[in-house]
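# Chains, contacts and geometry: an overview
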Amino acid sequence: MYLIQTLLPIRDADGEPFPRAYYEQVVRKLTDTFGGITAYTRSPAEGRWQSGGREEHDDVIVLETMTATLDRAWWRELRIMLEKEFGQDEIVIRAMPIERL
């Protein structure tokens, strides 16, 4: 079993919030494909990283999905689509093996 986390930015490069429809589209796709998701949308997480010698940051929401198998090609296609939709250099989607208790 895998836990897949998708980190989506809240604002664009100009600081404007993305339309709610962007997130609803992703939530619907993940729910339809995997039967459900958990969305952490009320308290955004803050991502920080180094880029070109300076610190960057972004507020993100996290979408979590569980799946029995890891279809890397499917997730890669989703990541590429999200990078275009949200105008990002990189959208982070990460997978962790988990054990249901």
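Quick summary incoming for the structure in this document. Keep in mind that what you see is a predicted model, and the values were worked out from it rather than measured.

Criteria and cut-off values
Residues numbered from 1 in each chain as written. Predicted model: local features only at pLDDT ≥ 70, side-chain atom pairs only at ≥ 80, totals over all residues. Heavy atoms only, no water. Helix = DSSP H or I, 4+ residues; strand = E, 2+ residues; numbered from the N terminus. Salt bridge = Lys/Arg side-chain N within 4 Å of Asp/Glu carboxyl O. Buried < 20%, exposed > 50% of the residue type's maximum accessible area, 1.4 Å probe, protein only. Core = buried A, V, L, I, M, F, W, Y, C linked by side-chain atoms within 4.5 Å. Contact = heavy atoms within 4.5 Å. 1 Å grid on protein atoms, 1.4 Å probe; cavity = no way out; pocket = protein on both sides within 12 Å on 5 of 7 lines; lining within 4 Å. Points joined across faces, edges and corners; volume = space filled by probe spheres on them. Nonpolar A, V, L, I, M, F, W, Y, C, P; charged D, E, K, R; others polar.

Attention shifts here to the environment of A73. Counting through the fold element by element, A73 comes out in helix 2 (residues 72-86). On a C-alpha basis, the gap between A73 and T41 in space is 27 Å, while along the polypeptide they are 32 residues apart.

What follows covers the pattern of salt bridges. This model, assessed by the stated rule, comprises three salt bridges. A salt bridge links D32 to R28; the shortest N-O distance between them is 3.2 Å. Linking D32 with R28, this pair stays in helix 1 (residues 20-34), spanning four residues, or about one helical turn. Note on D32: relative accessible area 57%, which makes it exposed. A salt bridge links E83 to R79; the nearest nitrogen and oxygen atoms lie 3.1 Å apart. Of this pair, E83 and R79 both sit in helix 2, four residues apart, roughly one helical turn.

Attention now goes to the nonpolar core. With 14 residues, the main nonpolar core has L8, Y23, L82 and F86 as its most contacted residues. Broken down by secondary-structure element, the contributors of at least two residues to this core are strand 1 (2-9), helix 1, strand 3 (54-67) and helix 2. Tallying contributions element by element places helix 2 first for this core, with four residues. Those residues within four positions of F86 in sequence are excluded, and the remaining contacts are L8, P9, F18, Y22, Y23 and I91.

This part takes up the layout of surface pockets. The volume enclosed by the second largest pocket comes to roughly 250 Å³. Every residue lining the second largest pocket is listed: I10, F18, R20, Y23, E24, V27, T41, I61 and L63. Elements with a contribution of two residues or more to the lining of the second largest pocket: helix 1 and strand 3. Broken down by element, the residue count for the lining of the second largest pocket peaks at four residues, all from helix 1. A per-class count over the lining of the second largest pocket returns six nonpolar, one polar and two charged.

Nothing here speaks to function; it is all geometry.
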